[in-house]
Amino acid sequence: MLPLVLSSCILVVDLPVSNFRFDSNWQRNTDLRYVFCTNKTTYMRYKFRAPDSSVISSIQEFYQGYASGDTLTLNRPITDLTRDGSDLVFVGIVNFGQGQVPQSLPAGVSQQSIVVTPVTPPPSESGRTTVTVTVTTASGRQYSGSYLYYVYSNCP
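Residues numbered from 1 in each chain as written. Predicted model: local features only at pLDDT ≥ 70, side-chain atom pairs only at ≥ 80, totals over all residues. Heavy atoms only, no water.

1. A short note on a nonpolar patch on the surface
Cut-off, in case you're wondering: Any residue with relative accessible area above 30% and no salt bridge may belong to a patch, with like charges joined within 9 Å and the nonpolar Val, Leu, Ile, Met, Phe, Trp and Tyr side chains within 5 Å. Per-residue and other accessible areas follow the Shrake-Rupley method at a 1.4 Å probe size, with only the shown protein chains counted as cover for residues. Should a side-chain nitrogen of Lys or Arg be within 4 Å of a carboxyl oxygen of Asp or Glu, the pair is scored as a salt bridge. Runs of H or I in DSSP of at least four residues are treated as helices and runs of E of at least two as strands, each being numbered from the N terminus.
A cluster of nonpolar side chains, contributed by Tyr 43, Val 91 and Ile 93, occupies part of the molecular surface with about 280 Å² of accessible area. Tracing the sequence through the fold places Tyr 43 in strand β4 (residues 43-49).

Put into structure tokens, the structure is as follows:
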């Protein structure tokens, strides 16, 4: 009888925003990790589960360079989201450089002079960027998800 009484006191409530997932149109061959490429058009996509966009009051994207600590904060219009089943989805082009998505070389690696040759160099890691998306609901609660993207130059 006691379990029946206790079970009537517990409610299962789904979070209004949950299950953040990130990807891009580039993956590393070795482990299929999603990456950004600086020399090719790169699309970033994130999804999260939400009952409806009407429960969301704001979306903020925060980009942080791994070693430099440089940051970029963008407020994403809710109208940029599309519905895919029970998920809301954003897809956009990632731009690098001054005033754009920060990247940075890993600690201990420095930039060097490059001699241009007609041979295409192999892809190489040129930095890392953590992307954090924070969704604020109409009630003022915040939900976040993050992903560390390795950034590569010379993608094929």
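2. Some points on the confidence of the model for the chain
Note the threshold: On a scale of 0 to 100, pLDDT captures the predictor's confidence in every residue. Contacts: residue pairs with any heavy atoms within 4.5 Å of one another.
Of all residues in the chain, 78% have pLDDT values of 70 or greater, and the mean over the chain is 83. In this model, residues 105-114 is a region of pLDDT below 50 whose contacts with residues beyond four sequence positions or in other chains number 10 contacts.

3. Some remarks on the packing of aromatic side chains
Cut-off, in case you're wondering: Think of it this way: a Phe, Tyr or Trp ring, Trp meaning its six-membered ring, pairs with another when their centres are within 6.5 Å, and the plane angle makes it stacked under 30 degrees, edge-to-face over 60, tilted otherwise. Here the term buried applies to any residue with accessible area under 20% of the maximum for its type, exposed to any over 50%, and partly exposed to those in between, with areas from a 1.4 Å probe on protein chains only.
Within the structure shown, the criterion is met by six aromatic pairs. Ring centres of Phe 20 and Phe 48 lie 5.3 Å apart, and the angle between their planes is 35°; on these two criteria the pair is classed as tilted. Remark: Phe 48 occurs in strand β4 and Phe 20 occurs in strand β1 (residues 18-24); sequence separation between them is 28 residues. The buried category is assigned to Phe 20, whose relative accessible area is 17%. Relative to Tyr 46, the ring of Phe 22 has its centre 6.0 Å away and its plane inclined at 45°; by these criteria the two rings are tilted. With Phe 22 in strand β1 and Tyr 46 in strand β4, this residue pair connects regions lying 24 residues apart in the sequence.

4. Looking at the pairing of strand β5 (residues 56-65)
Rules: DSSP bridges decide pairing: two strands pair if at least two such bridges lie between them.
Alignment of β5 against strand β9 (residues 124-137), held across nine bridges, turns out to be antiparallel. Its bridge partner lying in β9, Ile 59 is registered against Val 135. For β5 and strand β6 (residues 71-76), the ladder comprises six bridges, and the chain directions are antiparallel. If you follow Phe 62 over to β6, its bridge partner there is Thr 73.

5. Observations regarding the nonpolar core
Keep this limit in mind: As used in this record, nonpolar core signifies buried Ala, Val, Leu, Ile, Met, Phe, Trp, Tyr and Cys residues forming a set joined through side-chain atoms within 4.5 Å.
Ranked by internal contacts, the top residues of the largest apolar core, which has 25 residues, are Met 44 and Phe 48. Of all elements in the fold, only β1, β4, β5, β8 (87-93), β9 and β10 (142-153) reach the threshold of two or more residues within this core. If one sorts the elements of this core by residue count, β10 sits on top with four residues. Once you skip the residues sitting within four places of it in the chain, Phe 48 turns out to touch Val 17, Ser 18, Asn 19, Phe 20, Arg 21, Ile 56, Ile 59, Leu 81, Ser 86, Asp 87, Leu 88 and Val 135. Counting five residues, the second-largest nonpolar core is a separate cluster that includes Val 35, Cys 37, Tyr 152 and Cys 155.

6. With respect to the sheet that holds β10
Adjacent strands of a sheet pair through backbone hydrogen bonds, lying either parallel or antiparallel. Judged by pairing direction, the sheet is mixed, and its six strands sit side by side in the order β2-β3-β10-β9-β5-β6 without closing on themselves. Pairing within the sheet leaves two strands with one partner each, and these edge strands are β2 (26-27) and β6.

7. Description of the pattern of salt bridges
Counted under the stated rule, the structure contains eight salt bridges. Overlapping salt bridges, with partners in common, bring together Arg 21, Arg 49 and Asp 87 in one network.

8. Notes on the sheet that holds strand β7 (residues 82-84)
This is how the line gets drawn: Between the N-to-C directions of two axes lies an angle of 0 to 180 degrees, each axis being a line fitted to C-alpha atoms and, for a helix, fitted only over the stretch in contact.
Taken in spatial order, the four strands make up an open sheet running β1-β4-β8-β7, and their pairing is antiparallel. Both edges of this open sheet fall to β1 and β7, since each of them pairs with a single strand only. This sheet shows a mean twist of 25° between the axes of neighbouring strands, independent of strand direction.

9. Brief notes about the pairing of strand β3 (residues 34-37)
Pairing of β2 with β3 involves two bridges; the strand directions are antiparallel. Within β3, the residue paired with Trp 26 across the bridge is Val 35. Sheet topology note: the β3/β10 ladder contains three bridges and is parallel. For Cys 37, the partnering residue across the bridge sits in β10 and is Tyr 152.

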